[in-house]
Amino acid sequence: MDLIVAADRNCAIGKKGDLLYSLPEDMKYFRAKTLGKTVVMGQKTLESFPGGKPLPKRTNVVISDDPAFTPDGVVIVRSFAELFAEIAKYPADEVMLIGGGSLYNALPDYCTRAYVTLIDAQTEGADTFIPDFSRREGWSLESVSEPLETGGYTIRFAVYLNHNVKIFE
């Protein structure tokens, strides 16, 4: 499993349940990296999509402990054990963790790569953060793109590699 996320200089990704930035080039990158793959997310992430609908042309796996949450078009798992049993059905490099914050913080060590859009900005009042992969033990920067302007911000696409991927048991 890999993860994909966009974060500002403070590793902030959200505020009051919303993304911090709307960046057309980042959305293109996200689409290109996830299309045709299995995407893993939490319930709140799914609910944040337009109409609360799953992403098209992808297998959407949603973790939720709410037994009343049963949306159409997604695979629901109720625990990490169920999640790992489900994603074992797919090639590891075809599974992408796409949010939200609690999953980014609970599962990064089970991911092989982190595709992080680095946004050269800072948001006051942000309340959702990811780990700082540039400082996380066992992780290293594999590549980073040249700066790109989009939506009024400068971004770079960074790929971090986990040298000690954990296996769920």
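About the cut-offs
Residues numbered from 1 in each chain as written. Predicted model: local features only at pLDDT ≥ 70, side-chain atom pairs only at ≥ 80, totals over all residues. Heavy atoms only, no water. Phe/Tyr/Trp six-rings, centres within 6.5 Å; stacked < 30°, edge-to-face > 60°. Helix = DSSP H or I, 4+ residues; strand = E, 2+ residues; numbered from the N terminus. Buried < 20%, exposed > 50% of the residue type's maximum accessible area, 1.4 Å probe, protein only. Pairing = 2+ DSSP bridges. Core = buried A, V, L, I, M, F, W, Y, C linked by side-chain atoms within 4.5 Å. Contact = heavy atoms within 4.5 Å. 1 Å grid on protein atoms, 1.4 Å probe; cavity = no way out; pocket = protein on both sides within 12 Å on 5 of 7 lines; lining within 4 Å. Points joined across faces, edges and corners; volume = space filled by probe spheres on them. Nonpolar A, V, L, I, M, F, W, Y, C, P; charged D, E, K, R; others polar.

1. Some thoughts on the packing of aromatic side chains
Then, number 1: Tallying each qualifying case throughout the model produces seven aromatic pairs.
Then, number 2: A ring pair is formed by Y21 and Y153, whose centres lie 4.8 Å apart and whose planes are at 75°; its orientation type is edge-to-face. With a gap of 132 residues between them, Y21 in the loop between β3 (18-19) and α1 (24-34) and Y153 in strand β12 (residues 153-162) connect regions that are remote in the sequence.
Then, number 3: Here Y153 falls in the partly exposed class, since its relative accessible area comes to 29%.
Then, number 4: Look at F84 and F168: their rings are 4.4 Å apart centre to centre, the planes differ by 5°, and that puts the pair in the stacked class. A residue pair is termed long-range when its members are at least 10 positions apart, and F84 in helix α3 (residues 80-87) and F168 in the segment after β12 qualify at 84 residues.
Then, number 5: Classification of F168 by relative accessible area gives partly exposed; the value is 30%.

2. Some thoughts on unusual backbone geometry
Then, number 1: Geometrically, the link from G99 to G100 is a cis peptide bond, its omega value of 0° lying close to zero.
Then, number 2: Tracing the chain through its elements places G100 in the loop between β7 (95-99) and α4 (101-106).
Then, number 3: Although it is not a glycine, K16 adopts a positive phi angle of roughly 50°.
Then, number 4: One can find K16 in the loop between β2 (12-15) and β3.
Then, number 5: Even without a glycine there, the phi angle at K57 is positive, about 60°.

3. With respect to the sheet that holds strand β9 (residues 128-129)
Then, number 1: Strand order in the open sheet formed by three strands is β3-β2-β9, and the pairing between neighbours is antiparallel. Edge positions in the open sheet fall to β3 and β9, since each of these has one partner strand only.
Then, number 2: Relative to β3, β2 runs antiparallel, the two sharing two bridges. Of the residues in β3, the one forming a bridge with K15 is D18.

4. Quick word on the nonpolar core
Then, number 1: Grouped together as the largest cluster of nonpolar side chains are 27 residues, with contacts concentrated most on M1, L97 and I130.
Then, number 2: Elements that contribute at least two residues to this core include exactly β1 (2-7), β5 (59-63), α3, β7, α4, β8 (113-119) and β12.
Then, number 3: Apart from the residues lying within four places of it in its own chain, the contact partners of I130 are V5, A7, C11, I13, Y104, N105 and V116.
Then, number 4: Among the nonpolar cores identified, the runner-up in size contains 24 residues, and L20, F30, V39 and M96 belong to it.

5. Points about the environment of E25
Then, number 1: Mapped onto the secondary structure, E25 falls in helix α1.
Then, number 2: Note: C-alpha distance between E25 and V95 (70 residues apart in sequence) is 22 Å.
Then, number 3: Once you skip the residues sitting within four places of it in the chain, E25 turns out to touch L148, T150, I155 and F157.

6. What about the layout of surface pockets?
It is a probe the size of a water molecule, rolled over the atoms, that shows where empty space is left.
Then, number 1: If you add up the space inside the largest pocket, you get close to 1100 Å³.
Then, number 2: What lines the largest pocket is a set of 46 residues, among which L19, T45, S48, F49 and I98 lie closest to the centre.
Then, number 3: Among the elements of the structure, β1, β2, β3, α1, α2 (43-48), β7, α4 and β8 are those that each provide at least two residues to the lining of the largest pocket.
Then, number 4: If you tally residues by element for the lining of the largest pocket, the top one is α1, at five residues.
Then, number 5: Here the lining of the largest pocket is built from residues that sort into 25 nonpolar, 13 polar and eight charged.

It is worth stressing that arrangement in space is one thing and function is another; only the former is reported here.
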